[in-house]
Amino acid sequence: MPLLEARTPRQLGVALQRRRKLLGLTQTDLAGAAGLRQATISEIERGEGARLGSLMRILAALGLELTVRHRTRMDADEIAKIF
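Since the model is a prediction, treat every value here as computed from it, not as a measurement.

Novice: Could you give me a rundown of the overall build of the chain, with the residues and numbers involved?
Specialist: Across its full length, the chain carries five helices and zero strands. Starting at the N terminus and ending at the C terminus, the chain contains elements arranged as α-α-α-α-α. By residue count, 28% of the 83 residues in the chain fall in the buried class. In the chain, the share of contacts with a sequence separation of at least 24, taken over all contacts with a separation of at least 6, comes to 55%. As presented, the chain carries roughly 6000 Å² of accessible surface, and 54% of it is formed by carbon and sulfur atoms.

Listed below in structure tokens is the structure:
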């Protein structure tokens with residue numbers, strides 16, 4: 001799987017949704033595998049808040065892990081898009 005970068009909650013949600021679909025899972029399937037509600041999966045995929053524990057369970061269910069590293073340099077327009 002190629003490296004995915006997410007700098008906003010929405011970007012992370014989209015990345016998780018793409019992985020879920022690549023694996024052929026519905027939101028309900030993923031919710032069951034992660035021990036969460038389908039509504040929680042939907043909210044996270046839309047970039048609407050997430051508890052860290054829920055996010056880690058989703059990553060594990062999708063066979064992903066979280067890596068933290070320094071950001072690459074961004075120009076002012078890119079920074080503004082985050083906020």
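Novice: Tell me about the packing of helix α2 (residues 27–34) against helix α3 (residues 38–45), residues and numbers included.
Specialist: In contact at an axis separation of 8 Å, α2 and α3 are set at 110 degrees when each is read in the N-to-C sense. What the angle tells us is that α2 and α3 run roughly perpendicular. Between α2 and α3, the contacting residues are Q27, T28, L30 and A31 on the first element and Q38, I41, S42 and E45 on the second.

Reading guide: rules and limits
- For every chain, the first residue of its written sequence is number 1, and the numbers climb from 1 along that sequence.
- This being a predicted model, a pLDDT of at least 70 is required before a residue's local features are given, and a value of 80 or more before pairs of side-chain atoms are given or counted; all residues contribute to the totals for chains, interfaces and linings.
- Only heavy atoms go into the side-chain values, all of them from the structure, while hydrogens and water stay out.
- What counts as a helix is a DSSP run of H or I of at least four residues, what counts as a strand is a run of E of at least two, and both are numbered from the N terminus.
- Each residue is placed in one exposure class: buried if its accessible area under a 1.4 Å probe, protein chains only, is under 20% of its type's maximum, exposed if it is over 50%, and partly exposed if it falls in between.
- In this description, contact between two residues means that some pair of their heavy atoms is separated by no more than 4.5 Å.
- All accessibility values rest on the Shrake-Rupley procedure with a 1.4 Å probe; residue burial counts only the protein chains present in the view.
- Fitted lines through C-alpha atoms give the axes, limited to the stretch in contact for helices. The angle between two N-to-C directions lies from 0 to 180 degrees.
- In what follows, roughly perpendicular refers to angles from 65 to 115 degrees, roughly parallel to angles under 35, roughly antiparallel to angles over 145, and oblique to any angle outside these ranges.

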